[in-house]
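Spelled out, the chains give:
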Amino acid sequence: AAVLPMPAMADAVADAIAAFTGGVTPSEGGVTVDAPEIAENGNTVPIGVEAEGAESIMLLATGNPTPAVATFTFGPLAARQAGATRIRLAKTQDVIAVAKMPDGSFKQASATVKVTIGGCGG
Amino acid sequence: MASDVKPRVKVPKSASAGETITIKTLISHAMESGQRKDSDGNPIPRSIINHFTCTFNGETVIDVVMEPAISTNPYFEFDAVVPESGTFEFTWQDDDGSTYTDTKEITVG
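Residues numbered from 1 in each chain as written. Chains lettered and ligands numbered in written order. Predicted model: local features only at pLDDT ≥ 70, side-chain atom pairs only at ≥ 80, totals over all residues. Heavy atoms only, no water.

- If you look chain B up in an unreviewed UniProt entry, it shows as Sulfur compound chelating protein SoxZ from Vannielia litorea.

1. Looking at the pattern of salt bridges
Okay, step 1: In total, this model carries five salt bridges over all chains according to the counting rule given.
Okay, step 2: The partner of Glu32(B) in a salt bridge is Arg36(B), and the shortest N-O contact between them spans 2.8 Å.
Okay, step 3: Classification of Glu32(B) as buried rests on a relative accessible area of 13%.
Okay, step 4: Of the residues examined, Arg36(B) reaches a relative accessible area of 37% and is grouped as partly exposed.
Okay, step 5: Overlapping salt bridges, with partners in common, bring together Glu50(A), Arg80(A) and Asp79(B) in one network. (Salt bridge = Lys/Arg side-chain N within 4 Å of Asp/Glu carboxyl O. Buried < 20%, exposed > 50% of the residue type's maximum accessible area, 1.4 Å probe, protein only.)

2. Looking at the packing of aromatic side chains
Okay, step 1: Within this structure, the stated rule accounts for eight aromatic pairs over all chains.
Okay, step 2: The interplanar angle of 40° and the centroid separation of 5.2 Å between the aromatic rings of Phe52(B) and Trp92(B) together place this pair among those described as tilted. Taken together, the positions of Phe52(B) in strand S4 (residues 49-56) and Trp92(B) in strand S7 (residues 86-94) put the pair 40 residues apart, joining distant regions of the chain. Both residues of the pair, Phe52(B) and Trp92(B), count as buried.
Okay, step 3: Each ring, one from Phe56(B) and one from Phe88(B), has its centre 4.6 Å from the other, and the planes form 45°; the classification is tilted. One end of the pair, Phe56(B), is in strand S4; the other, Phe88(B), is in strand S7, and 32 residues separate them in sequence. An identical accessibility class is assigned to Phe56(B) and Phe88(B); each is buried.
Okay, step 4: By way of ring pairs, the aromatic residues Phe72(A), Phe52(B), Phe56(B), Phe76(B), Phe78(B), Phe88(B), Phe90(B) and Trp92(B) are connected into one cluster.
Okay, step 5: In this arrangement the basic side chain of Arg86(A) is found over the ring face of Tyr75(B), its NZ or CZ atom lying 4.1 Å from the centre. (Phe/Tyr/Trp six-rings, centres within 6.5 Å; stacked < 30°, edge-to-face > 60°. Helix = DSSP H or I, 4+ residues; strand = E, 2+ residues; numbered from the N terminus. Lys NZ or Arg CZ within 6 Å of the ring centre and 35° of its normal.)

3. Looking at the sheet that holds strand S4 (residues 45-50) of chain A
Okay, step 1: If you trace the six strands from one edge of the open sheet to the other, you get S2(A)-S4(A)-S7(A)-S6(B)-S3(B)-S1(B), paired in antiparallel fashion. The open sheet has two edge strands, strand S2 (32-34) of chain A together with strand S1 (7-10) of chain B, and neither has a second partner. Neighbouring strand axes in the sheet, compared pairwise and without regard to direction, differ in orientation by 20° on average.
Okay, step 2: Inspection of the sheet shows S2(A) paired to S4(A) by three bridges, in the antiparallel sense. In the sheet register, Asp34(A) faces S4(A), and the bridge partner there is Gly48(A). (Pairing = 2+ DSSP bridges. Axes fitted to C-alpha atoms, helices over the stretch in contact; angles between N-to-C directions.)

4. Overview of the UniProt feature "domain: Sulphur oxidation protein SoxZ" (unreviewed entry) in chain B
Okay, step 1: UniProt annotation of "domain: Sulphur oxidation protein SoxZ" (unreviewed entry) refers to residues 10-103 of chain B when read in the numbering used here.
Okay, step 2: Strand forms 53% of residues 10-103 of chain B and helix 0%; the C-alpha atoms that close the span are 10 Å apart. (UniProt positions renumbered as here; feature names shortened; annotations may be inferred.)

5. A closer look at the interface of chain B and chain A
Okay, step 1: On the chain A side, the residues contacting the 30 residues of chain B number 28 residues.
Okay, step 2: The junction of chain B with chain A conceals about 2,300 Å² of combined surface from both sides, 53% of it contributed by carbon and sulfur atoms.
Okay, step 3: Put simply, chain B and chain A have one salt bridge between them.
Okay, step 4: A salt bridge links Asp79(B) to Arg80(A); the nearest nitrogen and oxygen atoms lie 2.7 Å apart.
Okay, step 5: One can count 18 residue pairs in polar contact (both at pLDDT 80 or more) joining chain B with chain A. (Contact = heavy atoms within 4.5 Å. Buried area = accessible area lost by both parts, 1.4 Å probe. Polar contact = N/O pair within 3.5 Å; in protein donor to acceptor, adjacent residues only side chain to side chain.)

6. Quick notes on the pairing of S4(A)
Okay, step 1: Pairing analysis gives six bridges linking S4(A) to strand S7 (residues 82-87) of chain A, with the strands arranged antiparallel. Bridging from a neighbouring strand, Val49(A) pairs with Gly83(A) of S7(A).

7. As for the nonpolar core
Okay, step 1: By size, the foremost hydrophobic cluster in this structure holds 55 residues, and its most contacted members are Ile23(B), Phe52(B), Phe88(B) and Phe90(B).
Okay, step 2: Setting aside anything within four residues of it in sequence, one finds Phe52(B) in contact with Thr25(B), Ile62(B), Asp63(B), Val64(B), Met66(B), Phe76(B), Phe78(B), Phe90(B), Thr91(B) and Trp92(B).
Okay, step 3: In this structure, Ile17(A), Phe20(A), Leu60(A) and Val98(A) belong to the second largest nonpolar core, which totals nine residues. (Core = buried A, V, L, I, M, F, W, Y, C linked by side-chain atoms within 4.5 Å.)

8. So, the pairing of S1(B)
Residues and elements named next belong to chain B.
Okay, step 1: In S1, alternate side chains face the same way, and those of Pro 7 and Val 9 are buried while those of Arg 8 and Lys 10 on the opposite face are not.
Okay, step 2: Both S1 and strand S3 (residues 19-27) contribute to a ladder of four bridges, which runs antiparallel. Considered in S3, the bridge of Pro 7 is made with Ile 27.

Shown next as C-alpha cells:
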C-alpha cells in the first residue's frame, strides 16, 4: 500500500475537523475518549466517546488512510451524549473526538492507541 | 454483500417511565473498506453499511454516519430514555442500497 507523507495526513485531519466545525477551532477538554492504551488487533478496537450536552460527536483516526471514522448525532431520547463502537486502526496513532455543542462551540479530546497488528489489510 | 446480513439488538423487555436503558446492537456485515487488494493486486471495492439510526416511537435516539474505519460486524452501544411503552426501531443502510431493520417492544409498567 502507498504510504502518504505525514503533512498530507495532518492536512486531511485538519480538513476533516474544519469541515465539521465550519472553521471554528475546538477547545480542549469536555469530551471523553475511552480507548485502550494498547490494541493487539487493529481490526477491532473498542472506542467510546462522550460529551455531555453535545449535539453530535465526530470521531477521527489520525493514522488511517482516511481519517473519518464515524459521526454520532444525538436525538431527544438519548439518555447520555455517548456511544461505543469498534473501529479499525491501521497503526499506532491518535484517535480524536470533536463535539459540537448546542451554542455553536466545539470541544475536542484525543487518545493515543498503540496498535500491534494493523487493521487495514495492507 | 447483501446476503447473510443479520441484525441483532439487545433491549430490556420492560422499564419504568423515564428510566435510562442501555441498548446494544450488532449487525453481521463484512464492511469491505475499499483499502484491501485481492490476490491479483486489484483493489476490492468498498462495500459497507454507511448509516445507522435508532428511534423510539418515531423520535430519534441516535444517528450514526459510518465510514470504512468501522470494524467488520458493526457494533454500537448507547443509552436511551424510555418515556412510555413503545417500539424501538433500528435501521442500517448499506452502500448497495439495501436497508436492514429490526424492532423491539418495551413495556413501561
